[in-house]
Amino acid sequence: MNSFIRTSLFAAALLLFAACAPKAVQQMAPPQGGVASITEADLYTHMSFLASDELQGRDTGDHSLEVAARYLATKLEQMNLKPVGDDESYFQRYKLEKQAVSPSSALVIDVDGERSAFAFGKQFVTLPTGGDGNHSLEGEIVFGGYGIYAPDFEYDSYEGIGAKDKIVVIMGSEPKDANGKSIFDSTKTASQFAQFPAKMQAAMASGAKAFIFVPPPGEEGERMLAQFEQIASFMAKPRFSLPGTPAQGMGGNLLAMFARPEVVEAILAGSGKTLAEI
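Just so it is clear, the structure is predicted and the values come from calculations on it, not from any experiment.

## A short note on the overall build of the protein
Phase 1 of the analysis: Within the protein one finds 6 helices and 12 strands.
Phase 2 of the analysis: Among the 278 residues that make up the protein, the fraction classed as buried is 33%.
Phase 3 of the analysis: Of the contacts formed within the protein by residues at least 6 apart in sequence, a portion of 74% connects residues at least 24 apart.
Phase 4 of the analysis: Accessible surface, the protein as shown: approximately 17500 Å² in total, 53% of it carbon and sulfur.

## Examining the pairing of strand β4 (residues 114-119)
Phase 1 of the analysis: Bridge count between strand β3 (residues 106-111) and β4: 6 bridges; the pairing is antiparallel. For Ile109, the partnering residue across the bridge sits in β4 and is Ser116.
Phase 2 of the analysis: Hairpin connection of β3 to β4: 2 residues between the antiparallel strands, including Asp112 at a positive phi of 50°.

## Re helix α5 (residues 228-235)
Phase 1 of the analysis: Within α5, burial applies to Phe228, Ala232 and Met235. Each buried residue of α5 sits inside an arc of 65° when the element is viewed along its axis, so together they form one side. Of the exposed residues in α5, those oriented more than 90 degrees away from the buried face are Glu229 and Gln230.

## Quick notes on the pattern of salt bridges
Phase 1 of the analysis: Under the definition given, this model contains 5 salt bridges.
Phase 2 of the analysis: Measuring nitrogen to oxygen at the nearest pair gives 3.6 Å for the salt bridge that ties Asp110 to Arg115.
Phase 3 of the analysis: The class for Asp110 is buried, based on a relative accessible area of 18%.
Phase 4 of the analysis: Judged by its relative accessible area of 56%, Arg115 is exposed.
Phase 5 of the analysis: Taken together, the shared-partner salt bridges in this structure form one network comprising Glu66, Arg70 and Arg93.

## Considerations on the nonpolar core
Phase 1 of the analysis: Among the nonpolar cores identified, the biggest contains 44 residues, and Ile109, Val168, Phe196, Phe211, Ile212 and Phe258 are the most heavily contacted of them.
Phase 2 of the analysis: Excluding residues that lie within four positions of it along the chain, Phe258 makes contacts with Gln123, Phe124, Val125, Leu127, Phe196, Phe213, Phe228, Ile231 and Met235.

## Remarks on the side chain of Ser64
Phase 1 of the analysis: Take Ser64: it is sitting in helix α2 (residues 63-78).
Phase 2 of the analysis: Ser64 gets classed as buried once you look at its relative accessible area, which sits at 5%.
Phase 3 of the analysis: Polar side-chain contacts of Ser64 include one of 2.8 Å to the backbone oxygen of Leu55.

## Things to note about the packing of aromatic side chains
Phase 1 of the analysis: A complete count under the given rule lists 10 aromatic pairs for this structure.
Phase 2 of the analysis: Between Phe184 and Phe193, the aromatic rings sit 4.8 Å apart at their centres with planes inclined by 50°, giving tilted as the arrangement.
Phase 3 of the analysis: Taken together through their ring pairs, the aromatic side chains of Phe153, Tyr155, Phe184 and Phe193 make up a single cluster.
Phase 4 of the analysis: It is Arg93 that lies over the ring of Phe91; its NZ or CZ is 5.3 Å from the centre.

## Details of the environment of Ala276
Phase 1 of the analysis: Along the chain, Ala276 falls in the segment after α6 (261-268).
Phase 2 of the analysis: Assessed through its relative accessible area of 63%, Ala276 is described here as exposed.
Phase 3 of the analysis: C-alpha separation for the pair Ala276 and Pro217, spaced 59 residues apart in sequence, amounts to 6.4 Å.

## So, the packing of helix α1 (residues 40-50) against α2
Each packed pair of helices is defined by two parameters, the angle between the axes and the distance between the axes.
Phase 1 of the analysis: Where α1 meets α2, the axes come as close as 10 Å, and the angle between the chain directions of the two elements is 155°. Compared by their axis directions, α1 and α2 come out roughly antiparallel. Note on element contacts: α2 touches α1 through Val67, Ala68, Tyr71, Leu72 and Lys75, opposite Thr45, His46, Phe49 and Leu50.
Phase 2 of the analysis: Of the residues that constitute the contact of α1 with α2, the class distribution is 6 nonpolar, 2 polar and 1 charged.

## Regarding unusual backbone geometry
Phase 1 of the analysis: Positive phi is not limited to glycine here, since Glu88 has a value of about 55°.
Phase 2 of the analysis: Tracing the chain through its elements places Glu88 in the loop between α2 and β2 (97-99).
Phase 3 of the analysis: Located in the positive-phi region is Asp112, a residue other than glycine, with phi close to 50°.
Phase 4 of the analysis: Exposure remark for Asp112: the relative accessible area of 64% places this residue in the exposed category.

## Some points on the confidence of the model for the protein
Phase 1 of the analysis: Within the protein, residue pLDDT values average 79, and 81% of them lie at 70 or more.
Phase 2 of the analysis: Contacts of residues 1-26 to residues separated by more than four positions or lying in other chains number 85 contacts, the stretch itself having pLDDT below 50.

## Describing the pairing of strand β10 (residues 210-214)
Phase 1 of the analysis: Among the 5 residues that make up β10, 5 are buried, leaving the element largely enclosed by the rest of the structure.
Phase 2 of the analysis: With 5 bridges joining them, strand β9 (residues 167-171) and β10 adopt parallel strand pairing. Across the sheet, Ile167 pairs through a bridge with Ala210, a residue of β10.
Phase 3 of the analysis: Crossover β9 to β10 through helix α3 (residues 196-206) is right-handed.

The rules behind these values
- All residue numbers refer to position in the chain's written sequence, counted from 1.
- For this predicted model, a pLDDT threshold of at least 70 governs which residues receive local features, and a threshold of 80 or more governs which side-chain atom pairs are given and counted, while totals over whole chains, interfaces and linings are taken from all residues.
- Side-chain metrics rest on all non-hydrogen atoms present in the structure, leaving aside hydrogens and water.
- Only DSSP runs of H or I covering at least 4 residues are called helices, and only runs of E covering at least 2 are called strands; the numbering of each starts at the N terminus.
- Partly exposed residues are those whose accessible area sits between 20% and 50% of the maximum for their type, while under 20% is buried and over 50% is exposed, using a 1.4 Å probe and protein chains only.
- Contacts were defined at the residue level, with two residues in contact if any of their heavy atoms lie within 4.5 Å.
- Here the Shrake-Rupley method, with its probe set to 1.4 Å, supplies the accessible areas, and only the displayed protein chains count as covering residues.
- Two strands pair under a simple rule: DSSP has to find at least two bridges between them.
- Comment: arc refers to directions from the helix axis out to C-beta atoms.
- One side-chain nitrogen of Lys or Arg within 4 Å of one carboxyl oxygen of Asp or Glu is enough to make a salt bridge.
- Nonpolar cores were defined as sets of buried Ala, Val, Leu, Ile, Met, Phe, Trp, Tyr and Cys residues, with membership established by side-chain atoms within 4.5 Å.
- Each polar contact in these results corresponds to two N or O atoms within 3.5 Å; when the atoms are within protein, one needs to be able to donate a hydrogen and the other to accept it, and residues that are neighboring in sequence are counted only if both atoms are side-chain atoms.
- In this scheme Phe, Tyr and Trp rings, the latter by its six-membered ring, pair at centre separations within 6.5 Å, and the angle between planes marks the pair as stacked below 30 degrees, edge-to-face above 60, and tilted otherwise.
- In this analysis the charged atom, NZ for Lys or CZ for Arg, is taken to sit over a ring once it is within 6 Å of the ring centre and within 35 degrees of the ring normal.
- Axis definition: a line fitted to C-alpha atoms, limited for helices to the stretch in contact. Angles are taken between N-to-C directions and run from 0 to 180 degrees.
- In these notes the angle categories are as follows: under 35 degrees is roughly parallel, over 145 is roughly antiparallel, 65 to 115 is roughly perpendicular, and the rest is oblique.
- Classes in brief: Ala, Val, Leu, Ile, Met, Phe, Trp, Tyr, Cys and Pro nonpolar; Asp, Glu, Lys and Arg charged; the others, Gly included, polar.
- Every residue is assigned a pLDDT by the predictor, reflecting its confidence on a scale from 0 to 100.
- Seen with its strands pointing away from the viewer, a crossover is right-handed if its path from the first strand over the helix to the second goes clockwise.

Structural data, given as structure tokens:
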């Protein structure tokens, strides 16, 4: 069965921050000022404000980040430190490009001429991808079960399905024994193979050009659906990048999507099967 999938949305690159530690530091007696002047009470006061609920995480582009910056500038001024920022201030301004999901973003599925449309954030969400966020995909759909590759356990959801250059539908969760425990670590908590990043890596290694993640039928699937709104809210947040920085995706060239069951049912239309049956 061939399906045509089009998403219309704006995605953005994530800003990645890295920190490096010095290779070696010679131990020296702390100075009388500087480190010795820092007290537990001062640290508690500053961190209690900067990490408070009122600052809401100080996310990039949020007003709370400006509040935190002005708080720090005030403290620097109180310490009589010489400002070396823009216009002899404590601030150095820079520009960021903002990209956000368009409210009209939609997924259009065309199966043998039958078209269905679904709304971003309500019925599906996608991981940020490179480019302007507009994608068109046409290809064969294959079912990849739980989408797990665990060679140490001789378990490979992709064995024999020929996923290369195809669109793979995979379920959340993992195979379990008669007691409801993971066959991989014998616990009732989700193993590493049930986590979304591991499933995405397995899909990328299979050569698939897209994969659609859907909750499994049953009670566990209902719990996953309850988390859908949280995932959608996170994916809908604006993203920022430095001007001229190419937008990059979280899954390389792979289009990764979280979808509600009705989306997959539309994709399966014409196959004579339902999500529960496959």
